[in-house]
Amino acid sequence: MGWPLIGNTWSFIRAYKSQNPESFINNLKKSAELCKKVLTDDNNFQWGYPVSNLILGNVPFDYMSSHRRFHRLVTTVLNQHQPPSSHLGTIEKIVINTLEEWSKMKEPILFVPEVNKFVFKLIIAIFLGSGTDDNQIASMEEYYRKVYYGLHTTPINIPGFAYHRAVQARKVLVNKIRGVLGERRERRCNDPDPNTGIIDFLEKADYEDGRPMSHEHLVVLLIGIFIAGRETTSRTAIWATIYLHNHPHLLHKAKVINETLRIRTNIFSIFREAKNVTYLNGSSTCPGADLNYKLVQLNPGGPVNYFPSPDPVDNCPTKIIKIR
């Protein structure tokens, strides 16, 4: 839509540099029935999430299929060896230590990047074990951040462009992950009781067809976990903190995680790809056409508002929040 080549880019940039970035999407809103059609019609639309080469690198494999197998493997590990509750002590220790460090700082901190750093540390502790060196974690987080920034840029792999910097950062990140995995394998040989993480069990696990997970696949899937795990967890924590700061009386009586996920969804879009010619609202889609459903449309102000008030506090006591 819009001008040739540039489309609606200028209006997109203006909206996202303003105090009301949702205005860009609000101008493109369609009906709830249209959204329902795209999300539920499996005969005409399939999963079409664009997986960047910054995740896959040069590893030739079906990411979505492998991701599903990886999910089953992780679920098995959690159920048989490391249930989620077993990580609570590690998580609590990291969070408390981080908050104590922040409280001792004499200058204000940049809250978003600091939360991103400690969430990344949580992911490393759970997947790679609590024995990973802090300097290694900080270095991996630095290069991961450069890779993440490249996911949202035009893929121009020429020096001077952000995507090129992300490609170079990915090479360094992959080498660092390989180094940490190698150290852990060596440590397991010498230490009868190492600080195990999920990765230690995944390296021994096989797919359902009996094939072991290759180290290259493991690195790719870890990068995917970094992207999915850090961004969603840190944003939820950030917005929950903001809402609790603005409404301190809820600190002592409410759990706000569900309300946080409603107001500030972690997933910007859901992607579908048309499989057949389909007619929607008088228009037709061609096979292979990409459709993008904006989850933020269900937030207050969207085409369908299922909540009586856009203010999360008004909805908390009786509809969303469990009162202690």
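Residues numbered from 1 in each chain as written. Predicted model: local features only at pLDDT ≥ 70, side-chain atom pairs only at ≥ 80, totals over all residues. Heavy atoms only, no water.

Undergrad: Explain the confidence of the model for the protein here, please?
TA: Where the model shows low pLDDT, its predicted coordinates should not be examined in detail. Summing up the model confidence of the protein, the mean pLDDT is 77 and the portion of residues at 70 or higher is 75%. Low pLDDT (under 50) marks residues 301–306, which in the prediction has 12 contacts with non-local residues, meaning those over four places away or in another chain. Within the model, pLDDT remains below 50 along residues 316–324, and this stretch shows 19 contacts once partners closer than five positions in the same chain are excluded. (pLDDT = per-residue confidence, 0-100. Contact = heavy atoms within 4.5 Å.)

Undergrad: I would appreciate a short explanation of the pattern of salt bridges in the present structure.
TA: Two side chains bearing opposite charge may form a pair once their charged atoms approach each other closely. Applying the stated criterion across every chain, the model contains 8 salt bridges. Between Glu231 and Arg235 there is a salt bridge whose closest N-O contact spans 3.8 Å. Placement of both Glu231 and Arg235 in helix H11 (residues 215–246) is noted, with a separation of 4 residues, approximately one turn of the helix. By relative accessible area, Glu231 is classed as buried at 8%. Connected via shared salt-bridge partners are Glu141, Arg145, Arg230, Glu231 and Arg235. (Salt bridge = Lys/Arg side-chain N within 4 Å of Asp/Glu carboxyl O. Helix = DSSP H or I, 4+ residues; strand = E, 2+ residues; numbered from the N terminus. Buried < 20%, exposed > 50% of the residue type's maximum accessible area, 1.4 Å probe, protein only.)

Undergrad: Help me understand the nonpolar core, please; the structure alone is not making it clear to me.
TA: One broad rule of soluble globular proteins: the nonpolar side chains tend to lie buried together. Grouped together as the largest cluster of nonpolar side chains are 46 residues, with contacts concentrated most on Leu128, Met140, Ile177 and Leu202. With 11 residues, helix H7 (residues 111–128) is the largest single contributor of residues to this core. Apart from residues no more than four positions distant in its own chain, Met140 is found in contact with Phe120, Ile124, Leu128, Leu173, Lys176, Ile177 and Val180. Counting 6 residues, the second-largest nonpolar core is a separate cluster that includes Leu34, Val38, Ala274 and Leu291. (Core = buried A, V, L, I, M, F, W, Y, C linked by side-chain atoms within 4.5 Å.)

Undergrad: So what exactly am I meant to see when it comes to the packing of H7 against H11 here?
TA: A pair of packed helices is captured by two measures, namely the crossing angle of their axes and the spacing between those axes. It is the contact of H7 with H11, at a shortest axis distance of 9 Å, that shows an interaxial angle of 135°. In terms of orientation, H7 lies oblique with respect to H11. The element H7 and its partner H11 pack so that their crossing is right-handed. For the pair formed by H7 and H11, the contact residues are Phe111, Val112, Val115, Asn116, Val119, Phe120, Ile123, Ile124, Phe127 and Leu128 on the first element and Leu222, Ile225, Phe226, Gly229, Arg230, Thr233, Ser234, Ala237, Ile238 and Thr241 on the second. Of the residues assigned to the contact of H7 with H11, the class counts are 14 nonpolar, 5 polar and 1 charged. (Axes fitted to C-alpha atoms, helices over the stretch in contact; angles between N-to-C directions. Parallel < 35°, antiparallel > 145°, perpendicular 65-115°, else oblique. Left-handed = near helix turned anticlockwise from the far one by under 90°. Nonpolar A, V, L, I, M, F, W, Y, C, P; charged D, E, K, R; others polar.)

Undergrad: I'm lost on the pairing of strand S2 (residues 269–274) in this one. Help?
TA: Two faces belong to every sheet, and in a regular strand the side chains alternate between them. In the sheet, strand S1 (residues 45–47) pairs with S2 via 3 bridges, with the strands oriented antiparallel. Residue pairing for S2: Gln46 is matched across the bridge by Glu273. Relative to strand S5 (residues 290–294), S2 runs antiparallel, the two being bridged by 5 bridges. Considered in S5, the bridge of Arg272 is made with Leu291. (Pairing = 2+ DSSP bridges.)

Undergrad: I'm lost on the packing of aromatic side chains in this one. Help?
TA: Each aromatic ring pair is summarised here by two numbers: the centre-to-centre distance and the angle between the ring planes. Within this structure, the stated rule accounts for 9 aromatic pairs. With 5.1 Å between their ring centres and 85° between their planes, Phe12 and Phe24 make a pair best called edge-to-face. Taken as a pair, Phe12 in helix H1 (residues 9–16) and Phe24 in helix H2 (residues 23–26) lie far apart in primary sequence, 12 residues in all. Take Phe24: its relative accessible area is 17%, and that puts it in the buried class. (Phe/Tyr/Trp six-rings, centres within 6.5 Å; stacked < 30°, edge-to-face > 60°.)

Undergrad: Would you mind showing me how to read the side chain of Asn44 here?
TA: You can see Asn44 is positioned in the loop between helix H3 (32–40) and S1. Residue Asn44 is classed as buried on the basis of its relative accessible area, which comes to 15%. Engagement of the side chain of Asn44 in a polar contact is seen with the side chain of Asn276, the distance being 3.2 Å. A distance of 3.3 Å separates a polar atom in the side chain of Asn44 from a polar atom in the side chain of Thr278. (Polar contact = N/O pair within 3.5 Å; in protein donor to acceptor, adjacent residues only side chain to side chain.)

Undergrad: Any chance you could explain H7 here in plain terms?
TA: Residues separated by three or four positions in an α-helix point in the same direction, a consequence of the helix having 3.6 residues per turn. Spanning 18 residues, H7 covers 25 Å between terminal C-alpha atoms, matching the ideal 26 Å at 1.5 Å per step. Three or more residues of H7 are buried, namely Val115, Asn116, Phe118, Val119, Phe120, Leu122, Ile123, Ile124, Ala125, Ile126, Phe127 and Leu128. (Expected span 1.5 Å × (residues − 1).)

Undergrad: Just checking my understanding: could you explain the sheet that holds S5 for this structure?
TA: Whether parallel or antiparallel, the strands of a sheet pair through hydrogen bonds between backbone atoms. The 3 strands are arranged S1-S2-S5 in an open sheet whose pairing can be described as antiparallel. Strands at the two margins of the open sheet, each flanked by one partner only, are S1 and S5. On average, each strand axis in the sheet is inclined to that of its neighbour by 40°, with strand direction left out of account.

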